[in-house]
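These are the residues of each chain, in order.
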Amino acid sequence: MVTIQLADEASYAALSTEPRESCWMPQQERALKAFSVMAEAVSTRLDVDSVLHEALDQTLATLEVEAGAITLLEDDTRQLVFRVQKGWQVHDFAGQQLRIDAQAGMTGIVMRSGHPLVTDDITHDPRIAVDEFREEPVRAMILAPLRARQQVLGVLSVMSYQPRRFTMDEVALLAAIADQVGVALDNARLYQQELERRRLTEVMLETERRRARELNILRDAVMNMSGASDLLDLLEHLCRGALQLSPCALGVECDIYDEQHDRLTLGMALHPDGSRRPLCAAPHHTMVSRKALQERRMQKLTVPSAGTEVLDAAVTYIIAIPMQHQAANGVLLLGYEAQPQMDEQTENSLSLLAEQASLALSRLHLYHRERRKSVHLALVNHISQTAMAELGDEAVLCNVVRLIQQSFGLYNVSLYLGPQLSLHASSGGRDIPTEPPTVQGLAALAAEQKRGLLCNHIESDPRCFIPPWVQGHAHSELAVPLIQRQAPAGEVLGVLELFSIEESAFDEMDRQTMLTLAQHLATLIENSRLYADLEQRNRRLHDAYIQLRELEQLKDQIIQNISHEMRTPLTFIKGYTELLSEGQMGELNQEQLESLEIIARQADAVTYIVEEIVSLRTLTADALSCVLVPIAGVFEQLRPVFEKRAVDAGLSLTMDVYPPDLSVYGESEKIKRMCYNILDNAIKFSPGPGKITVIAVADGEYVHLKFEDQGIGIPEQYLNRIFDTFYQVDGSTTRRFNGLGIGLAVVQRIVEAHRGKVWAESQVGSGTTFHILLPRHLPTE
Ligand code: ADP
């Protein structure tokens with residue numbers, strides 16, 4: 001006997017205490033058999049619905065009742081849902097998927113308690129949760145919980161339309177069946193969950209595989225795009241990448257956006273079959289592209305609403321993705337036959353591809369810009385260098401204008417110069433007038449405003465004047481002023497006017513390049529003018545120098561002539577003075593004799609000077625009669641004269657030769673004169689006290705003579721002038737020291753005639769040293 005616990009005590013009354021003895025055994029046997037069949041049937045099913053149907057069929061047959069139902073608890077709503085019903089006469093709750101509160105009514109009691117509930121007459125039972133159920137003529141009913149793993153999953157109920165008293169065994173049997181169904185249901189659910197989990201894993205794996213594939217496509221496309229050296233190459237990789245990412249697309253198109261002129265142009269179109277028909281009629285009229293650019297995100301539109309005239313009739317759906325990294329520079333369009341099943345991941349990949357394309361495009365622009373810039377700079381340099389090489393030549397400007405026109409591939413380049421800014425040179429174009437016109441239009445404006453101006457549609461710009469020599473050909477113009485740099489700085493020297501046959505031929509970079517070039521030209525013109533000025537000054541200076549030299553020569557000549565002419569009268573003065581002194585012209589008294597002596601001394605002094613002057617002309621190497629002259633001998637002859645003078649002037653004099661037998665190869669008298677003149681100066685310019693040191697030493701092929709005094713010294717700036725004829729540091733009439741300024745000139749002539757060298761070192765206030773090098777032997781040339 002099976003004992004079971006019921007959901008509530010009140011239901012005991014409903015239970016029949018009278019087992020049908022007569023049929024018990026066979027019924028129980030049948031029930032057990034049916035139970036095992038049912039158990040096997042439900043436990044082999046893994047589909048929840050089929051478990052429920054099978055379970056209800058078997059239960060009704062086993063318990064021999066007309067009707068039944070199974071309600072299951074819904075996890076998220078916590079309501080009971082009618083899933084299966086059988087044998088009902090009025091309602092189809094299962095068909096309606098009717099939901100009832102899991103806590104309400106008799107099912108609620110079973111759900112809460114987890115035990116079966118039995119009632120023999122439900123007509124007036126207040127515990128019925130659904131009112132419509134009362135319309136069903138059910139009389140008796142058992143409800144049993146579907147349990148599994150300590151949880152109640154739902155309720156299995158059987159109903160009799162006849163009054164019936166269910167036995168405890170029948171309740172126990174239903175409870176056992178319900179348990180079995182509960183486990184089977186749980187299994188089926190677990191199995192479904194497992195299936196779902198596997199499906200999800202499969203979906204995830206597929207997603208990952210696709211993601212990896214898309215990443216590979218992206219990586220290759222990005223690498224190829226960033227390595228592309230020209231626009232077409234870049235766009236080809238972009239279009240191929242887009243078609244690979246979205247293989248169901250009928251075609252792809254890439255439009256390039258020019259932000260400066262707000263213009264869209266077709267960059268490239270590509271279809272999977274390799275054909276290159278554009279998707280849309282005219283990129284600049286494509287609303288979908290405009291929208292993508294404006295809203296800065298992907299646009300998905302059906303063709304009529306896209307406002308796009310599609311060239312391929314099969315395309316009904318368009319996706320437009322802005323190509324933007326920092327700024328938008330294009331749109332990527334994909335056309336489809338129908339709205340594609342595209343997940344977020346693919347959309348992201350396409351957006352990323354478009355973004356990378358934009359980046360690569362910007363880099364390519366930058367690269368081309370830099371290249372163009374460096375080509376421009378090289379041209380500017382070349383032109384400037386060519387111009388500089390011909391500095392001072394008037395024709396150079398014509399050459400430069402021609403060079404600019406040819407190097408930059410322009411239709412015409414004209415240069416206007418001068419205060420009236422009239423045409424100076426022009427290259428390219430037709431029939432340039434012989435009578436130079438003055439500047440007009442944009443070039444005149446550029447000169448007035450002192451800045452570069454450009455116009456890319458000259459026909460429609462009122463600022464422009466189209467000269468006859470470019471009419472009908474030129475469409476763009478650039479004008480740059482040539483501004484003076486040197487004083488008066490800022491003045492306009494001229495204007496350079498450039499015409500191109502292309503529309504929109506010039507941009508800001510061209511303007512800058514031409515401004516640089518104009519600056520070079522301005523400098524060139526200024527330098528040319530300076531150069532011409534300098535040349536003129538040089539010529540004047542040269543003329544003045546020649547004149548001065550001629551005057552100098554004239555002066556020398558006069559002095560030479562006078563000196564020469566003075567020789568004869570001096571000889572007479574000398575001769576007659578001697579005759580008179582000797583008394584050959586009569587006896588003279590003492591006073592007369594003394595006067596004659598003064599005349600003779602002064603005549604000697606004048607004679608010495610005259611000889612010095614005359615010797616300046618005759619002192620040449622050819623005029624010398626050279627022998628080996630011992631220096632010690634020269635010094636010995638001079639010593640008595642200068643020792644006395646030195647003592648008188650409060651000076652000490654030393655004269656040494658090392659080695660003592662040192663000789664020079666020269667003319668003894670001239671060498672003595674040379675030393676005489678220097679020693680004479682040393683005493684004259686040493687106001688004393690102090691010493692004068694003369695030393696002669698061997699120095700290789702030369703004898704080095706040094707004359708050192710401690711006199712007044714010579715300022716440095718005069719050191720190279722003291723050897724000039726008649727030069728004196730103090731040449732004024734009030735000078736302290738007498739003399740004519742020829743002593744050192746004679747010294748230099750003597751040294752040069754001997755193929756030696758002479759120079760002086762001095763410090764004002766400390767003294768002067770004269771150095772002389774004379775050859776020791778006959779020169780070996
Ligand atoms: P002069 O002595 O007759 O004036 P020189 O030709 O001998 O002419 O010398 C030229 C000038 O060089 C002198 O007037 C003097 O200014 C300078 N000078 C020459 N020797 C010395 C010296 N030893 N010390 C300072 N000044 C000297």
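Residues numbered from 1 in each chain as written. Predicted model: local features only at pLDDT ≥ 70, side-chain atom pairs only at ≥ 80, totals over all residues. Heavy atoms only, no water.

K.L.:
Teacher, can you tell me more about the overall build of the protein here?
P.N.:
Looking only at helices and strands, the protein has 16 helices and 23 strands in total. For a compact globule of 781 residues, the expected C-alpha radius of gyration is about 28 Å, and the protein comes in at 64 Å, more than 25% above that figure. Based on the C-alpha atoms only, the size of the protein along its principal axes is roughly 215 × 75 × 50 Å. Residues classed as buried in the protein amount to 43% of the 781 residues present. The contacts in the protein between residues at least 6 apart in sequence include a share of 63% that link residues at least 24 apart. Measuring between centres, the 72 positive side-chain charges of the protein sit 2 Å from its 105 negative side-chain charges. (Helix = DSSP H or I, 4+ residues; strand = E, 2+ residues; numbered from the N terminus. Rg over C-alpha atoms; globule rule 2.2 N^0.38 Å. Buried < 20%, exposed > 50% of the residue type's maximum accessible area, 1.4 Å probe, protein only. Contact = heavy atoms within 4.5 Å. Lys, Arg positive; Asp, Glu negative; His and termini not counted. Charge placed at Lys NZ, Arg CZ, Asp CG, Glu CD.)

K.L.:
Would you explain helix 10 (residues 396-407) in this entry?
P.N.:
An α-helix turns once per 3.6 residues; consequently, residues spaced three or four apart project the same way. The first and last C-alpha atoms of helix 10 sit 16 Å apart over 12 residues, in line with the 16 Å expected at 1.5 Å per residue. Every buried residue belonging to helix 10 is among Val396, Leu397, Val400, Val401, Leu403, Ile404 and Gln405, and all of these are buried. Residue Gly409 follows helix 10 closely and has a positive phi angle near 60°. (Expected span 1.5 Å × (residues − 1).)

K.L.:
Just to check I follow, could you spell out the packing of helix 12 (residues 508-581) against helix 13 (residues 590-618) for this structure?
P.N.:
Between two packed helices, the angle of one axis relative to the other and the distance separating the axes together describe the packing. At a minimum axis separation of 8 Å, helix 12 and helix 13 run at an interaxial angle of 150°. By the angle between their axes, helix 12 is roughly antiparallel relative to helix 13. The two elements helix 12 and helix 13 cross, and the hand of that crossing is left-handed. Looking at the contact of helix 12 with helix 13, its residues break down into 15 nonpolar, seven polar and five charged. (Axes fitted to C-alpha atoms, helices over the stretch in contact; angles between N-to-C directions. Parallel < 35°, antiparallel > 145°, perpendicular 65-115°, else oblique. Left-handed = near helix turned anticlockwise from the far one by under 90°. Nonpolar A, V, L, I, M, F, W, Y, C, P; charged D, E, K, R; others polar.)

K.L.:
Help me out: how do you make sense of the site of the ligand in this one?
P.N.:
As a matter of local geometry, the ligand sits amid 20 residues, with Asn681, Lys684, Asp709, Gln728 and Leu744 nearest to it. At 2.9 Å, a side-chain N or O of Asp709 approaches a nitrogen atom of the ligand. Contact between the ligand and Leu744: an oxygen atom at 2.9 Å from a main-chain N or O atom of the residue. Of all the secondary-structure elements, those providing two or more residues to the shell around the ligand are helix 15 (668-684), helix 16 (743-753) and strand 23 (767-775). With three residues, the top contributor of residues to the shell around the ligand is helix 15. For the shell around the ligand, the class distribution of residues is 11 nonpolar, seven polar and two charged. (Near = heavy atom within 4 Å. Polar contact = N/O pair within 3.5 Å; in protein donor to acceptor, adjacent residues only side chain to side chain.)

K.L.:
Is there a simple way to explain the side chain of Gln58 in this structure?
P.N.:
Positionally, Gln58 belongs in helix 2 (residues 48-63). Since its relative accessible area comes to 18%, Gln58 is described here as buried. Residues in contact with Gln58, not counting those within four places in the same chain, are Ala34, Val37 and Met38.

K.L.:
What's the story with a nonpolar patch on the surface in this structure? I'm lost.
P.N.:
Together, Leu548, Leu551, Leu554, Ile558, Ile562, Met566 and Val606 make up a nonpolar patch on the protein surface, roughly 620 Å² of accessible area in all. Examined against the element boundaries, Ile562 turns out to sit in helix 12. Here Ile562 falls in the partly exposed class, since its relative accessible area comes to 46%. (Patch = residues over 30% accessible without salt bridge, like charges linked within 9 Å, V, L, I, M, F, W, Y side chains within 5 Å. Areas by Shrake-Rupley, 256 points an atom, 1.4 Å probe, with all protein chains shown as cover. Salt bridge = Lys/Arg side-chain N within 4 Å of Asp/Glu carboxyl O.)

K.L.:
Can you help me understand the sheet that holds strand 7 (residues 251-258) in this one?
P.N.:
Sheet strands pair via backbone hydrogen bonds, and the direction of the pair is either parallel or antiparallel. Taken together, five strands build an open sheet; the order of strands is 8-7-11-10-9 and the sheet is antiparallel. With partners counted over all chains shown, the strands left at the sheet margins are strand 8 (263-270) and strand 9 (299-302), one partner each. Taking each pair of neighbouring strands and ignoring which way they run, the sheet shows an average axis angle of 20°. Two strands pair when backbone bridges link them, and strand 7 and strand 11 (residues 328-336) are joined in this way by six bridges, in the antiparallel orientation. Across the sheet, residue Ile256 finds its bridge partner in strand 11, namely Gly330. The strands touched by helix 7 (residues 287-295) are strand 7, strand 8, strand 9, strand 10 (317-324) and strand 11; relative to strand 11, the strand with the most contacts, the crossing angle is about 135°. (Pairing = 2+ DSSP bridges.)

K.L.:
Just checking my understanding: could you explain the sheet that holds strand 4 (residues 117-119) for this structure?
P.N.:
Taken in spatial order, the six strands line up as 3-2-1-6-5-4 in an open sheet, and their pairing is antiparallel. Sheet topology places strand 3 (99-101) and strand 4 at the edges, where each strand pairs with a single neighbour. The average undirected angle you get between the axes of adjacent strands in this sheet is 25°. The sheet contacts of helix 2 involve strand 1 (67-73), strand 2 (79-86) and strand 6 (151-160), and relative to strand 2 the element is tilted by about 60°. Seen against the sheet, helix 4 (residues 105-113) touches strand 1, strand 2, strand 3, strand 4, strand 5 (140-148) and strand 6 and runs at an angle of roughly 35° to strand 5.

K.L.:
Is there a simple way to explain the pattern of salt bridges in this structure?
P.N.:
When charged atoms on two side chains of opposite charge get close, those side chains can pair. The final tally for this structure, using the stated rule, is 37 salt bridges. Note that Arg164 and Glu170 form a salt bridge whose closest N and O atoms lie 2.6 Å from each other. Note that Arg199 and Glu196 form a salt bridge whose closest N and O atoms lie 2.9 Å from each other. Of this pair, Arg199 and Glu196 both sit in helix 5 (residues 168-227), three residues apart, which is roughly one turn of the helix. What makes Arg199 partly exposed here is its relative accessible area of 45%. Three or more residues are tied together by salt bridges with common partners; here these are Glu194, Arg197 and Arg198.

K.L.:
Would you mind going over the nonpolar core with me for this structure?
P.N.:
Side chains of nonpolar character tend, in soluble globular proteins, to be buried together. Core analysis: the biggest nonpolar cluster contains 48 residues, and Met674, Leu705 and Ile772 have the highest contact counts within it. Those residues in contact with Met674 that lie beyond four places of it in its chain are Leu705, Val747, Ile750, Val751, Ile772 and Leu774. (Core = buried A, V, L, I, M, F, W, Y, C linked by side-chain atoms within 4.5 Å.)

K.L.:
Sorry if this is basic, but what is going on with the confidence of the model for the protein here?
P.N.:
Parts of the model with low pLDDT should not have their predicted coordinates read in detail. Here the protein averages 87 in pLDDT, while 94% of its residues score no lower than 70. Summarising per-element confidence for the protein, the mean pLDDT is lowest in helix 1 (residues 21-43) (65) and highest in strand 21 (residues 702-708) (97). Every residue in residues 16-24 scores below 50 in pLDDT, and together they form seven contacts with partners more than four places removed in sequence or on other chains. (pLDDT = per-residue confidence, 0-100.)

K.L.:
Even after reading the chapter, I still don't get the environment of Glu582, so can you show me in this structure?
P.N.:
Among the secondary structure elements, Glu582 is positioned in the loop between helix 12 and helix 13. Owing to a relative accessible area of 53%, Glu582 belongs among the exposed residues under this scheme. Linking Glu582 and Leu593, residues 11 residues apart in sequence, is a C-alpha distance of 9.2 Å. Here Gln584 takes part through its side chain, which lies 2.8 Å from a polar atom of the side chain of Glu582.

K.L.:
Got a minute to help me understand the pairing of strand 1 in this structure?
P.N.:
Moving residue by residue along a regular strand, the side chains alternate between the two faces of the sheet. Most of strand 1 sits inside the fold, with seven of its seven residues counted as buried. Neither face of strand 1 is open: one carries Ala67, Ala69, Thr71 and Leu73, the other Gly68, Ile70 and Leu72, and all of them are buried. Summarising the sheet, strand 1 and strand 6 pair through six bridges and their orientation is antiparallel. Each bridged residue has a counterpart across the sheet, and for Thr71 the counterpart in strand 6 is Val155. Of the pairings in the sheet, the one linking strand 1 to strand 2 comprises six bridges and is antiparallel in character. Along strand 2, the bridge assignment pairs Leu73 with Leu80.

K.L.:
Help me understand the packing of aromatic side chains in this model?
P.N.:
Two descriptors summarise a pair of aromatic rings, namely the distance from one centre to the other and the angle between the planes of the rings. Here the structure, examined in full by the defined rule, presents nine aromatic pairs. Both rings, one in Phe82 and one in Trp88, keep their centres 5.9 Å apart while their planes meet at 80°; by these two values the pair is edge-to-face. Comparing Phe82 with Trp88, the two get one shared label, buried. On the numbers, 5.1 Å between centres and 75° between planes, the contact of Phe82 with Phe93 is edge-to-face. Here Phe82, found in strand 2, pairs with Phe93, found in helix 3 (residues 93-96); they are 11 residues apart in sequence, far enough to count as distant. (Phe/Tyr/Trp six-rings, centres within 6.5 Å; stacked < 30°, edge-to-face > 60°.)

K.L.:
Which parts of the structure should I look at to understand unusual backbone geometry?
P.N.:
Phi is mostly negative for residues that are not glycine, and the peptide bonds are mostly trans. Between Tyr658 and the following residue, Pro659, the backbone shows a cis peptide bond with an omega angle of -5°. One non-glycine residue, Leu421, adopts positive backbone phi at about 50°. By secondary structure assignment, the location of Leu421 is in the loop between strand 12 (412-417) and strand 13 (422-428). The backbone phi angle of Arg755 is positive, close to 60°, even though this residue is not glycine. Looking at where Arg755 falls in the secondary structure, it is placed in the loop between helix 16 and strand 22 (757-763).

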